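# Structure assessment
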Amino acid sequence: MISSNLNLIPIFIEVVKNQSFSRAGIALGMTKSKVSKSVSALESELGVKLLHRTTRKLSLTEIGEDYFEQVAKTIHELEVAQNNAIELLSKPKGNLKILVPMSFGRLHLATLISKFVKKYPNITIEMELSDEKPDLLTKGFDLALRAGKLENSSMIGKKICELKSVICTSKSYLKNNSTPSSPKDLTSHNCLVFSLSSSSDKWTFSKGRKNETIYINGSIKTNNSDSLRELALLGNGIVRLPTFIAGADIRKGKLIQLLDRYEMPSVDLHALFPHKDYLPLKVRTFVDFLSKEIDGDNPYWDNF
């Protein structure tokens, strides 16, 4: 039977610890009479006698000893749980399981996570790299990073940054081929194709309010952006790549950006979470860290 008034139990525990109604009252900020009545009310509710009372001392009955041992342990565990909850609010800790796209994880998340765990040593990271659609609930992920529109209603998301794309190629390819000056010139070039894209054979460009879509073709198709980058570096053709992949090579001069007066469609990178009553501090801390490090309005990889 659980007491209908759980506030009576801590009073009983304090009386036992102090071996006195008076001293318990002082510790609790209550009158001696109020303490005594509270213990009597608990005994009445339980239907058992917990304390032997004499004018000189208090002592536990046999039932009282067993009851005290159990409730004191429970109260202690509740206090520990409460302290842990308070600590979690002030100091992020725990294991963080995240799902990250393959190329983005390899090129950027490893470095960012290294900085994160140094700043928050009480958080451990379990990162899985995969380009599959996230299934956070069944696989126990705390969050996933994914590009594109939010389609799954079982998840909520926060935008981290905008992911842009550029057209680029290597110097060696341009030595043997003309440099395109407009999108339509690409139709006469060998274009490397990302086969998983829904628009793999057509590239759309915008300049001001004008949009232009051209159909491209080439000798190589692949479902991996890292492979496309490597093929472009080796002089195999012209490629469309996300700037988070091509940015460093363009900055170093290994890849040459083409048609830089035009823009290509972009997508948003989101942090996705399962629907929950509250977002754990470890998750919020990681997402805030990513947003700050990447700088969503001006991602560091776009500085080329």
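Next up on the list: the overall build of the protein. Tallying secondary structure elements over the protein gives 10 helices and 14 strands in all. A burial count over the protein gives 40% of its 304 residues as buried. The distance from the centre of the 42 positive side-chain charges to the centre of the 33 negative ones in the protein is 4 Å.

Our next topic: the packing of aromatic side chains. The geometry of an aromatic ring pair comes down to the distance between the two centres and the angle between the two planes. What the rule picks out here adds up to 10 aromatic pairs. When the ring of Phe12 is compared with that of Tyr67, the centres are 5.7 Å apart and the planes differ by 50 degrees; the resulting orientation is tilted. With a gap of 55 residues between them, Phe12 in helix α1 (residues 8–18) and Tyr67 in helix α4 (residues 62–90) connect regions that are remote in the sequence. Judged by its relative accessible area of 17%, Tyr67 falls in the buried class. Where Phe12 meets Phe68, the ring centres are 6.2 Å apart and the plane angle is 75 degrees; that geometry is what we call edge-to-face. Here Phe12 is found in helix α1, whereas its partner Phe68 is found in helix α4, with 56 residues between them in sequence. Like Phe68, Phe12 is buried. Ring pairing ties together the aromatic residues Phe104, Phe244, Tyr300 and Trp301, which thus form one cluster. Over the ring of Phe141 we find Lys97; its NZ or CZ atom is 4.8 Å from the centre of that ring.

This paragraph deals with the confidence of the model for the protein. The predicted model of the protein has a mean per-residue pLDDT of 88, with 92% of residues at 70 or higher. Ranking the elements of the protein by mean pLDDT puts helix α6 (residues 136–139) last, at 66, and strand β13 (residues 256–258) first, at 97.

With that settled, the discussion passes to the sheet that holds strand β14 (residues 267–274). Strand order in this open sheet of five strands is β4-β3-β5-β14-β6, and the pairing throughout is mixed. Across the chains shown, the open sheet's two edge strands, defined by having one partner strand only, are β4 (123–129) and β6 (155–163). Averaged over neighbouring strand pairs, the angle between their axes works out to 20 degrees when direction is ignored. Sheet topology places strand β3 (residues 94–100) next to strand β5 (residues 143–147); two bridges connect them, and they run parallel. Pairing of Ile98 across the sheet is with Leu143, part of β5. Where helix α10 (residues 281–294) meets the sheet, its contacts fall on β3, β4, β5, β6 and β14, and the angle it forms with β6 comes to roughly 15 degrees.

This paragraph deals with the sheet that holds strand β8 (residues 191–194). An order of β11-β8-β12-β7-β13 is seen for the five strands of this open sheet, with the pairing classed as mixed. On the outer flanks of this sheet lie β11 (221–222) and β13, each paired with one strand and no other. Bridge analysis of β8 against strand β12 (residues 238–242) gives two bridges, and the strand direction is parallel. In the sheet register, Cys191 faces β12, and the bridge partner there is Ile238. The strands that helix α8 (residues 225–233) touches are β8, β11 and β12; relative to β8, the one it contacts most, it runs at about 170 degrees. Where helix α9 (residues 243–252) meets the sheet, it contacts β7 (165–169), β12 and β13, and its direction lies at approximately 115 degrees from that of β12.

Here the focus is the packing of helix α5 (residues 102–119) against α10. The contact between α5 and α10 brings their axes to 11 Å, and the two run at 115 degrees. Once α5 is placed against α10, the crossing between them reads as right-handed. Judged by residue contacts, Phe104, Leu109, Leu112, Ile113, Lys115, Phe116 and Lys119 of α5 engage Thr285, Phe286, Phe289, Leu290, Glu293 and Ile294 from α10. For the contact of α5 with α10, the residue count by class is nine nonpolar, one polar and three charged.

Here we come to a negative patch on the surface. Among the surface-exposed residues, Glu62, Glu65, Asp66 and Glu69 lie close enough to one another that they form a single negatively charged patch. Turning to its location among the elements, Glu62 is positioned in helix α4.

The next thing to look at is α9. Of all 10 residues that make up α9, seven are buried, and the element is covered over most of its length. Turning to α9, its buried residues number three or more, namely Thr243, Phe244, Ile245, Ala246, Gly247, Asp249 and Ile250. Contacts from the buried residues of α9 go to α5, β6, β7, α8, β12 and β13. Looking one or two places after α9, you find Gly253, whose phi comes out positive at around 85 degrees.

What counts and what doesn't
- Residues numbered from 1 in each chain as written.
- Predicted model: local features only at pLDDT ≥ 70, side-chain atom pairs only at ≥ 80, totals over all residues.
- Heavy atoms only, no water.
- Helix = DSSP H or I, 4+ residues; strand = E, 2+ residues; numbered from the N terminus.
- Buried < 20%, exposed > 50% of the residue type's maximum accessible area, 1.4 Å probe, protein only.
- Lys, Arg positive; Asp, Glu negative; His and termini not counted.
- Charge placed at Lys NZ, Arg CZ, Asp CG, Glu CD.
- Phe/Tyr/Trp six-rings, centres within 6.5 Å; stacked < 30°, edge-to-face > 60°.
- Lys NZ or Arg CZ within 6 Å of the ring centre and 35° of its normal.
- pLDDT = per-residue confidence, 0-100.
- Pairing = 2+ DSSP bridges.
- Axes fitted to C-alpha atoms, helices over the stretch in contact; angles between N-to-C directions.
- Contact = heavy atoms within 4.5 Å.
- Left-handed = near helix turned anticlockwise from the far one by under 90°.
- Nonpolar A, V, L, I, M, F, W, Y, C, P; charged D, E, K, R; others polar.
- Patch = residues over 30% accessible without salt bridge, like charges linked within 9 Å, V, L, I, M, F, W, Y side chains within 5 Å.
- Areas by Shrake-Rupley, 256 points an atom, 1.4 Å probe, with all protein chains shown as cover.
- Salt bridge = Lys/Arg side-chain N within 4 Å of Asp/Glu carboxyl O.

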